[in-house]
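Survey of secondary and tertiary structure
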Amino acid sequence: YAIAKSMAINKQRLEKIKARQEVMHKIEGDVRAKLVSESSSQAFITKLIVQGLLMLLESQVVVRCRESDVSMVKGCLAGAQAEYAKLIKAETGATKACALEIDTAYLPPAPVAGKDGPSCLGGVVLACQGGKITIDNTIDVRLRLVMEQAKPAIRSLLFPAAS
């Protein structure tokens, strides 16, 4: 009797965990759908580039994006360079410029429903030193990072009675 009871409790516990994981995956899917529209925002892409430049602090940086985003990202480069120089000047007083160029290799295309394989929601990957140092600022990587870091907070909001 005790073994059967223990097995039943364990089975319920596993079903509860599985249901919670399904809810978390659904939330990630919903957010992913909303982020697709953000990937075409020039202001957003400019901020991603500037953020990556501030991490690298290099004078020559190559920007990799999806092939479909090349013209939009090219339009962001000058603004990103200016914003980067302005931020460095404001924070350190130093004058630092950065030369940006678009990579000839591209990130995978946007996800297509019903099609598996590599895909990218958008964003940029910055590389310097001949590709030895890279900053992955793609929406996919940022979403995974936030989902991992915010998992406890999301769980406590969704499942407040959890012990």
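This section reports on the structure supplied with the text.

What counts and how
- Residues numbered from 1 in each chain as written.
- Predicted model: local features only at pLDDT ≥ 70, side-chain atom pairs only at ≥ 80, totals over all residues.
- Heavy atoms only, no water.
- Helix = DSSP H or I, 4+ residues; strand = E, 2+ residues; numbered from the N terminus.
- Core = buried A, V, L, I, M, F, W, Y, C linked by side-chain atoms within 4.5 Å.
- Buried < 20%, exposed > 50% of the residue type's maximum accessible area, 1.4 Å probe, protein only.
- Contact = heavy atoms within 4.5 Å.
- Phe/Tyr/Trp six-rings, centres within 6.5 Å; stacked < 30°, edge-to-face > 60°.
- Lys NZ or Arg CZ within 6 Å of the ring centre and 35° of its normal.
- Salt bridge = Lys/Arg side-chain N within 4 Å of Asp/Glu carboxyl O.
- Patch = residues over 30% accessible without salt bridge, like charges linked within 9 Å, V, L, I, M, F, W, Y side chains within 5 Å.
- Areas by Shrake-Rupley, 256 points an atom, 1.4 Å probe, with all protein chains shown as cover.
- Disulfide = S-S within 2.5 Å.

Quick notes on the environment of K16
Looking at where K16 falls in the secondary structure, it is placed in helix α1 (residues 2-38). Separated by 132 residues in the primary sequence, K16 and E148 place their C-alpha atoms 20 Å from one another.

Some remarks on the nonpolar core
Note on soluble globular proteins: their nonpolar side chains tend to be buried together. Residues I45, I49, V61, V73, L100 and V124 are the most contacted members of the largest nonpolar core, which totals 24 residues. If you list the elements that add at least two residues to this core, you get α2 (42-56), β1 (60-64), α3 (70-92), β2 (99-102) and β3 (123-128). Per-element tally for this core: the top contributor is α3, with eight residues. Residue contacts for I49: discarding those within four places in its chain leaves V73, C76, L77, A80, L100, V124 and L126.

Observations concerning the packing of aromatic side chains
Taken as a whole, this structure holds zero aromatic pairs when the rule is applied. In this structure, R20 packs its charged tip against the face of F159, placed 4.7 Å from the ring centre.

Focus on the pattern of salt bridges
Evaluation of the coordinates by the stated rule reveals seven salt bridges. For K26, the salt bridge identified is with D30, shortest N-O distance 3.1 Å. Residue K26 and its partner D30 are located together in helix α1, separated by four residues, close to a single helical turn. Given the relative accessible area of 38%, D30 is considered partly exposed. Taking the shortest distance from any N to any O, the salt bridge between D69 and R66 comes out at 2.9 Å.

Section: a nonpolar patch on the surface
A cluster of nonpolar side chains, contributed by V23, L157 and L158, occupies part of the molecular surface with about 270 Å² of accessible area. Within the secondary structure, V23 is located in helix α1.

Regarding the state of the cysteines
What we call a disulfide is simply a covalent bond connecting the sulfur atoms of a pair of cysteines. Summed over all chains, the structure comprises zero disulfides. Note on C98: no disulfide assigned, nearest cysteine sulfur contributed by C128 at a separation of 8.7 Å. With relative accessibility at 6%, the residue C98 sits in the buried group.

A short note on unusual backbone geometry
Although it is not a glycine, L57 adopts a positive phi angle of roughly 55 degrees. Looking at where L57 falls in the secondary structure, it is placed in the loop between α2 and β1. The exposure class of L57 is partly exposed, given its relative accessible area of 42%. Although it is not a glycine, Q129 adopts a positive phi angle of roughly 55 degrees. Topologically, Q129 is positioned in the loop between β3 and β4 (133-138).

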